[in-house]
Structure formats: C-alpha cells, structure tokens
Amino acid sequence: MRFSVRDVGRSNYALLLAGHTATLALLIACDKHADSVSTSSSLADAAQPPNTPANAHDADNEASSSESEPSGSATQPGANASEAGVPAPAHSPTPATGSPGSPAAPNPNHDQTDSGASTTNAGPSANPPGPVGPGPMTPSTASSADAGPSCNPNDSLECPCPAGQLRCDGVCTDPLTDAKHCGASDGCELSETPGVACQPLNAVCAEGACMPCAADLVACANTCIDPASDQLFCGAAAGCSPEEHTRGDRCANPELCVASACLECLVFTARSAGLSAHAEPQLAFGDVTSDLLPDVVAVTADESGIVVIAGNGSPTTVSDPVSQPLGQELVALGMGRLDDDQNLDLLVGDRSLDQVQVVLGNGDGSFEAGASYAINGGPSQIVLGDFDGNQTLDALVVAEDANELSVLLNAGDGSFTSTEPITGEKQLRAAAVGDINGDGNLDAVAVGLADTVMVLIGDGDGGFEQSSHPTDGYCSAALLVDLDGDEILDLVTTPTLSGYNVEVSIGNGDGTFQDRHRLNASFSTDAVGGMPNSISAADFDFDGQLDLVVGMESGITILWGHQNWAADNRRSVTEYSEFQGVLAADYNGDGVTDIITALYNTNQDFRVYFGSVPDGCPAHP
C-alpha cells in the first residue's frame, strides 16, 4: 500500500493574463450600484477540501471541510502515548506546521468560507489592476436582508435577494465576488448588464472587478492557484473548465501534487521479528539502552516476560528480541523515569497475581525487579503521569475485572502509595490522561462496557472529580490529543454499538466535549477492519495536522487529519492479521513516522511498518 504527503512549492504551469488590460480598465469603469452593500461571501466557497473522498472533481459544488517524540511512551489496547521522561505532561501543544521550503498544507482559503484576512480593496482606478498572487481576494461583508425563515430567494423569484446581491441566471449572487457575473448591476437577470466572466480571462473577481492572476497561476473557483502544487486543481490550465478538461486532477489525500501531477510520496515497508507463540504483547517506546536510538519494549502474557527490541538505526531492519523472564502473565505496561536516575523504568501489570510491579532500568536494556503493589482485579492498562504535582510520574491503573481505576502516587524514588480506587460504571477497559480543562493539572478519561466516557478532572493533589460524556456503546480504546490545532485536547474513542467505529469529540477547554462525530460507518464491512483496540496519533503526511492510526483485530488503518474532522478519509495499511496495539513513532530515526505494532496467535508477533519517501518526491521537513 502506498501513500503520499501533501503540497509543496510551485512550478511554472499557469498562463499570465495578457492582452486584457484595456478590457479590465473598461470593467472598472462599468456602472455599479453606489448604494450596493456586499454580503459576506467566500471567494473559495466552491473549492473542495483535500480530505473528501477521491475522484470528486466538482469543486464548485462541494462544501469545505506532533508533538515531538517523548523519551519513552507506552501503549496497551486503547492507550495514548505517554511522555516517559518528563514527570508532568503539560497541555497538548499545537501540531507542528511546515517551515519555509518544506511541504506545506493546502491553501486554507480553499476550504474556509471566511479566511479572516484583511479585505483587499481593488476599487476603481485609472490604471488596470495588477496580477493577483495565490489565494482569493477577501470579499467585503455586510448583513443580509431578512426575507423570512420560509422564503428562499433561490427557490422563488418572488423572494428578494439579500442586501448587496442581484439575481443572475435565476439565483442570487454578489456582483463584487461572483466570478461568473463580476461587476453585474440591475438588469442582470434580463442579460442586460450581466457583468464579466473572470475565469476565462484567468482572473478572479474582487470588489466587482476582474483581477488577473500572477504569472504561473491559474484562476480556479475564483482563486489564483498554482497548478504545479495545488491539491484540488493539480495540473490545471487556463480556463480551469471541466468541459474543456483544463481543470486538472484532485489529488486524493494523502497524495501530493508535484510538478502538476499527483504522486504517492509515502510508502510503508513491513519487517517482523518473532516474540513467542500465542502471546498478547503490549508495547512501549523509548531509549532503554542509552545509545540515543529508540528501542521497543514489550511484555507478554507468557514465559517471555519483558522483551527488548533494540533500535539499530537501520531504515528497514529490526533487531532480534532479547527476553528477560519476569512474572507469569504480564498484560499491562507503563514506561518512564520512576526514580531519581536518568534511566527509563517500567511499571508492569501481572494479571495472574492481581498486582503491578516496579521494574527499574539499568540503562543498558536490562532491568531489576522492584516492589509490587496489589490491585483489585487484573490490571489491563497502565498510564503514567504526574497527578499530584511533585514532578514525578504517578500511575493510573485500569483494573478491568474489578471495574476500578487505581491511582498510585510516586514518592519520587520509585515507591508508590495507593489511593482510594475509583469505581467505573461498567467494566472499565482503557484510559488516557491529559490536561483537558487547561488548569495545569492532569485529568483523565476512561472507557469500557458502559455507553459513557468517564471524565476525571484532576485537582493537582492526586484526587479527581468525576463526570461523564456520552459514547455509542462499548469502547476498547481512548485517546486525548489536540486534533484541530486549538491547543485544547480532544477525545477519540472506539465505540462498537453501531458497528466498529471511531468517534471524535472536540474539546471545549473546560473539561467538557462537543457532540461526538463518527468517523467511518463501520470497519467491520471492510477486508481490513474488525474491532478497534488501540489508537495513536502522528502527522504522517507532513501537512501540519495530526492523523490517527487505528489498530484493529484484522488490520491497521490511517485516518488522515483535516481541519474540522467533518469528513472521513482513510487508507488501509495492512493485510488481514490479528493486531494487538499500535504505536506511531520514528523507530529508525529518519524523520518519517513508522507504525510499530504487535500481533497475537502468530509466531511473528512484533512488526514495524517503516515509513519512507520514495525517490522523485520532495524531501520531508
């Protein structure tokens, strides 16, 4: 399976407007209503967002729609990556954006009805207007006439158009921004003063005048675009007309428009290493060998105990696993600095003994068993974070059999004190932590068999105030991450009541979430799919927006991120197999995110899908 990243710099493929300056000078002098008031209208409202389904070229009719790697992170079913080397994970940062010279996200003016930019006034002038650069001219705004809630002027000629608009070709339009009737005035409906069609002139309509696009740009959807790199109109030519086949191609996310052609610029290569048969491995990611190369640590529900797959810096090879027996049935794993040295340590959960155990790292990939702490019911997940503000990592343990959350507070030396367990509504399964209300204290969410998400607001002393958020049935995974770039954590869950789904609930910043939005109708109908059991996030395609990678019973799927997560766009990564957790991390240090996963009921239990950018594609940032 191949993928591509998005949007790079421009090349020379558009035509410079020539020979029309005299015409444009006359257009500026055309009669316009002196008392016309323009209404708010986007110059790019017809452009299609780059994350809608592929092969949708009618952009005129479509509506719009990472943080740095921690020193150690862990995942169990449903776990989000936790920062192991920093005692107090802070409020989630905004995903990284492209820098000059690096691949950039598509022009946001394509999918925003109001860019918020200053209005460009191209008013009457004795000289013809100059060329326009990439992006549309921002329209002027004014309030519309209230024609009543049941009167639609585009459905009935008896309904008046809003203030500042005219009726042309049977519909209301703003002559200041309409590229088909730019500068139209009264009589447009009778074809007496219809204005000018700007697009055939390779121009956009702004303030009632056709403004020519700059050299090498093409007017498409009333926007001056670069056909060499534009995701929506890749390879477009002057006129940008579907009838004349000059509209170009829409690059299906995550393809990249390079030199006027859609290229696939992100590929994954799978490499495996055997752990043991019939294991249920859980994974953590961090440098446990102190060689500045990230390693993977796994615990298994059999005699293998703790397994280290050391990083070797190779772009496509995986080191042989090294096992260290410990416990009987290890099914939960947290990684971080638990004591006062600089080595990464482990906190492991043993289901057979109903306990968690501290395992201190020696810095060379080996570990020493430490104290154990009893847990009511078998631990199924461990999430680390500083809940009491003492700059050391505490633990939130999900005890599935007891339907409880146990909070273990770290004294700073790797010894823990248990607090009163928190009881869930119905068989808790997974949890995630983060500051969801912006007060500087770590909060948490937990999911399970109930049709609600347990929301726990931290008080900074290790205590929590409980509330809830609805979800659509049993969830096996939860993630807190800033998906929309507003520096507020959002909630991702995997409910199963109406098929196997992924739901996004945008955070409000006060400890509550907006109504959930379901991504993908059902994984269960696909060849790659099944019940989701883990989620991780990273910017795979270098567009500045976080993507989601979802591990399922029978495959791995990437959900490509976009501005408001209002549309689904996914790509399957793997063939049929039984997966038990995923991590999104750069395993080989080449700057491209890889997918680290574990399988069960197979002799090839550990697998890395190495991400790479093929030759001929732009280099990643």
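Residues numbered from 1 in each chain as written. Predicted model: local features only at pLDDT ≥ 70, side-chain atom pairs only at ≥ 80, totals over all residues. Heavy atoms only, no water.

Remarks on the overall build of the protein
Scanning the protein for helices and strands turns up one helix and 38 strands. Carbon together with sulfur atoms contributes 48% to the accessible area of the protein, which is approximately 23600 Å² in total. (Helix = DSSP H or I, 4+ residues; strand = E, 2+ residues; numbered from the N terminus. Areas by Shrake-Rupley, 256 points an atom, 1.4 Å probe, with all protein chains shown as cover.)

Regarding the state of the cysteines
Summed over all chains, the structure comprises nine disulfides. Residue pairing for C182: its cysteine sulfur links by disulfide to C205, the two sulfurs lying 2.1 Å apart. The S-S bond linking C182 to C205 shows a torsion near 80°; that makes this disulfide right-handed. Of the two residues, C182 sits in the loop between β4 (171–173) and β5 (203–206) while C205 sits in strand β5, which places them 23 residues apart along the sequence. The class of C182 is buried, set by a relative accessible area of 3%. Classification of C205 as buried rests on a relative accessible area of 0%. The side chain of C234 participates in a disulfide bridge whose partner is C257; the two sulfur atoms lie 2.1 Å from each other. Measuring handedness by torsion sign, the sulfur bridge of C234 and C257 sits at about 85° and is right-handed. (Disulfide = S-S within 2.5 Å. Buried < 20%, exposed > 50% of the residue type's maximum accessible area, 1.4 Å probe, protein only.)

What about the packing of aromatic side chains?
The geometry of an aromatic ring pair comes down to the distance between the two centres and the angle between the two planes. Here the structure, examined in full by the defined rule, presents four aromatic pairs. Between F268 and F540, the ring centres sit 6.1 Å apart and the planes meet at 65°, which makes this aromatic pair edge-to-face. Residue F268 is found in strand β11 (residues 266–273), and its partner F540 is found in the loop between β33 (529–538) and β34 (547–559); the two are separated by 272 residues along the sequence. Like F268, the residue F540 is buried in the burial classification. (Phe/Tyr/Trp six-rings, centres within 6.5 Å; stacked < 30°, edge-to-face > 60°.)

What about the sheet that holds strand β27 (residues 452–458)?
Here four strands make up an open sheet; going across it, the order is β25-β26-β27-β28 and the pairing antiparallel. The open sheet is flanked by β25 (428–434) and β28 (464–470), the only strands paired with a single partner. Here the strands of the sheet are splayed against their neighbours by 25° on average, with no regard to which way each runs. Bridging between β25 and strand β26 (residues 443–448) involves six bridges; their strand directions are antiparallel. Considered in β26, the bridge of A431 is made with A446. (Pairing = 2+ DSSP bridges. Axes fitted to C-alpha atoms, helices over the stretch in contact; angles between N-to-C directions.)

A few points about unusual backbone geometry
Notably, C240 is not glycine yet its phi reads approximately 45°, a positive angle. Along the polypeptide, C240 turns up in the loop between β8 (223–225) and β9 (256–258). On the accessibility criterion, C240 (1% relative accessible area) is buried. Although it is not a glycine, L292 sits at a positive phi angle of roughly 70°. Residue placement: L292 occurs in the loop between β12 (282–286) and β13 (295–299).

Looking at the sheet that holds strand β16 (residues 330–336)
Strand order in this open sheet of four strands is β16-β17-β18-β19, and the pairing throughout is antiparallel. Edge positions in the sheet fall to β16 and β19 (367–374), since each of these pairs with one other strand and no more. Strand-to-strand twist across the sheet, computed as the mean angle between neighbouring axes with direction ignored, equals 20°. In terms of strand pairing, strand β18 (residues 355–361) meets β19 through six bridges, oriented antiparallel. Note that in β19 the partner of L360 across the bridge is E368.

A look at the environment of I422
Position of I422 among the secondary structure elements: in strand β24 (residues 422–423). On a C-alpha basis, the gap between I422 and V398 in space is 9.7 Å, while along the polypeptide they are 24 residues apart. Residues in contact with I422, not counting those within four places in the same chain, are N403, E404, L405, V407, M454, L456, F464 and Q466. (Contact = heavy atoms within 4.5 Å.)

What to know about the pattern of salt bridges
Under the criterion given, the structure shown has three salt bridges. Residue R351 pairs with E329 through a salt bridge whose shortest N-O separation is 2.7 Å. Taken as a pair, R351 in the loop between β17 (345–350) and β18 and E329 in the loop between β15 (322–324) and β16 lie far apart in primary sequence, 22 residues in all. On the accessibility criterion, R351 (32% relative accessible area) is partly exposed. (Salt bridge = Lys/Arg side-chain N within 4 Å of Asp/Glu carboxyl O.)

Examining the side chain of N533
On the secondary structure map, N533 appears in strand β33. Within the structure, the side chain of N533 is placed 3.1 Å from the side chain of S534, a separation counted as a polar contact. (Polar contact = N/O pair within 3.5 Å; in protein donor to acceptor, adjacent residues only side chain to side chain.)

Thoughts on the confidence of the model for the protein
For the protein, the average pLDDT comes to 74, and 68% of its residues sit at 70 or higher. Low confidence marks residues 136–148, where pLDDT is under 50. Its contacts with residues over four positions away, or in another chain, come to 43 contacts. (pLDDT = per-residue confidence, 0-100.)

Some thoughts on the pairing of β13
Burial runs high along β13: five of the five residues are buried. Here β12 pairs with β13 via five bridges, running antiparallel. From the neighbouring strand, F285 faces β13, where its bridge partner is V296. As defined by bridge partners, β13 adjoins strand β14 (residues 306–309) across four bridges and the pair is classed as antiparallel. Note that in β14 the partner of A298 across the bridge is V307. Here β13 folds back onto β14, and the loop between the two strands holds six residues, one of which, G305, carries a positive phi near 70°.

Digging into the environment of L263
Here L263 is to be found in strand β10 (residues 261–263). Along the sequence, L263 and P614 sit 351 residues apart, while their C-alpha atoms lie 10.0 Å from each other.

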